[in-house]
Structures are given as C-alpha cells and as structure tokens.
Amino acid sequence: MSLFSPFRLISLIGCTSLLSLGACQRIDPALYDCQKLLAQIQSTVTEAQTLVQNEPTTEAPQTFNFERWLQAADALKMGAEAIAQLRLRDSQVKTYQTQISDIYQRQAEATYAMVKARQDKDLEAAQTAQSLSQTAGTEEQTIGQALDDYCQAKYQAVTATEDP
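Throughout this description, residue numbers start from 1 for each chain and increase along the sequence as written. For a predicted model such as this one, the threshold for reporting local features is a pLDDT of at least 70, and the threshold for listing and counting side-chain atom pairs is 80 or more; totals across whole chains, interfaces and linings nevertheless cover every residue. With hydrogens and water set aside, each side-chain value is computed from the structure's full complement of heavy atoms.

### Some details on the overall build of the protein chain
When you go through the protein chain residue by residue, the secondary structure sums to seven helices and zero strands. Numbering of helices and strands runs from the N terminus; a helix is a DSSP stretch of H or I covering at least four residues, while a strand is a stretch of E covering at least two. Helices (α) and strands (β) of the protein chain occur, in sequence order from the N terminus, as α-α-α-α-α-α-α. Buried residues are those whose accessible area, probed at 1.4 Å on protein chains only, stays under 20% of the maximum for their type, while exposed residues exceed 50% and partly exposed ones sit between those limits. Classification of the 164 residues of the protein chain by burial places 41% in the buried group. Contacts: residue pairs with any heavy atoms within 4.5 Å of one another. Sequence separation of 24 or more characterises 75% of the internal contacts of the protein chain that already satisfy a separation of 6 or more. Using a 1.4 Å probe, the Shrake-Rupley method yields the accessible areas, and only the shown protein chains count as cover for residues. Surface accessibility of the protein chain: about 9,100 Å² in total, with carbon and sulfur atoms responsible for 52%.

### With respect to the state of the cysteines
When two cysteine sulfur atoms lie within 2.5 Å, the pair is treated as a disulfide. Within the structure shown, the criterion is met by one disulfide. One disulfide in the model links Cys34 with Cys151; its S-S distance is 2.1 Å. Looking along the S-S bond of the Cys34-Cys151 disulfide, the torsion reads about -90 degrees, which is the left-handed sense. You can see Cys34 sitting in helix α4 (residues 29-53) and its partner Cys151 sitting in helix α7 (residues 123-162), a full 117 residues away along the chain. The pair formed by Cys34 and Cys151 is uniform in burial state, with each residue classed as buried.

### A short note on the nonpolar core
Within the largest apolar cluster, 33 residues are counted, with the highest numbers of intra-cluster contacts made by Leu37, Ile41, Ile100, Tyr104 and Leu147. Contributions of two or more residues to this core are made by α4, α5 (66-85), α6 (91-120) and α7. Excluding anything up to four places from it in sequence, Leu147 contacts Leu37, Leu38, Ile41, Tyr96 and Ile100. Residue types Ala, Val, Leu, Ile, Met, Phe, Trp, Tyr and Cys, when buried and joined through side-chain atoms within 4.5 Å, form a set referred to as a nonpolar core.

### Description of α5
An α-helical turn contains 3.6 residues, so any two residues separated by three or four positions project in the same direction. One less than the residue count of a helix, multiplied by 1.5 Å, gives the span that helix is expected to have. With 20 residues, α5 extends 29 Å from end C-alpha to end C-alpha; this agrees with the ideal 28 Å at 1.5 Å per step. Among all positions of α5, only Arg68, Trp69, Ala72, Ala73, Ala75, Leu76, Gly79, Ala80 and Ile83 are buried. For α5, the buried positions fall inside an angular range of 155 degrees around the axis, keeping them on one side. Against α4 and α6 lie the buried residues of α5. Directions from the helix axis toward the C-beta atoms define the arc.

### Concerning the packing of aromatic side chains
The criterion for an aromatic pair is that two Phe, Tyr or Trp rings (for Trp, the six-membered ring) have centres within 6.5 Å, with stacked assigned to planes under 30 degrees apart, edge-to-face to planes over 60 apart and tilted to the rest. For the structure on display, the rule yields one aromatic pair. Centroid distance Tyr96 to Tyr150: 6.0 Å. Interplanar angle 55 degrees. Geometry classified as tilted. Of this pair, Tyr96 sits in helix α6 while Tyr150 sits in helix α7, and the two are 54 residues apart along the sequence. Both residues of the pair, Tyr96 and Tyr150, count as buried.

### Quick word on the environment of Ala82
Tracing the backbone through its elements, the reader meets Ala82 in helix α5. As a C-alpha pair, Ala82 and Thr44 span 38 residues in sequence and 8.9 Å in three-dimensional space.

These results come straight from atomic positions and should not be treated as a statement about function.
And the structure:
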C-alpha cells in the first residue's frame, strides 16, 4: 500500500499556528483549502500506515494479520469519505479532493480484496488486488505531487506579497 506523504507542506499546514485559519482564508481561499485538504490527507495516511506498519512481530514473518489490514482498509474508506465531504471553494483544490478521495476509496477496495484473496488462498485474486493497489498508489503519487506543487505555488505567492 503506497500512501501520499505530504511532509514537504508541513509549513503550509503550519499556517494555522501562524495566522489562524480565518487569516489564511482571507489571504487566499486556495491556501485555506490546501490546508484543510492536506490535514485530512495526513490524518488518513497516518492512521492507515500506523495500522499496517505496527503489526506485531512476534508472529511468524509470513503471517498476515487480517484484522489489522481490514482496519487499515476501513481507515482508508473513512478517510476517503471525510476528504470527499470537505467544503472547499477553490476549483483546482476541489479537483484534487475528488481525485484523492477516489484513490483512497480504490485503495480501500483493493485492500479488502487482498484480505479476501489471502483468506481464500486465491493467488490470482491476490495478484489482481495488488495490481489495483499499485495503480492507485502510482496515481496517488502523481496527484499528490500535483497538489503539492499547486499548494506550494499558492503559498509562495502569499509569502512573496508579504515580503516588503
């Protein structure tokens, strides 16, 4: 499972601590929308990754923890829904919102399919689920980079107008 990691924009998310959300919104609605979307993405990514990366290591290395992977799929599904429900105004950020929500929904579906395939010991279904997950992961990286670039450009524009 590959999940976008928006660490480069931590300074953008920090806008809330520097200016307050209202001030960010008055400066540039797109910047405010970026902050909201990136915060929800970060929350979704952190929750899903924590579930699958912190699997107990006391079990045999080849043991697949079905419950943790189902929880990760649930986290992705709920994250996709939370992302889709954000009220954003900037049309470009809305486009990224829709795309990322769709990607996380597909990641959740692929994870559910992978768990079922592992339970059923169905190699073909597991390979299909893995392929779907990889495709969504590649799209996530592309869309994530485009979102990152867009938000960075908005942030740079705001900081450029603040410099005397």
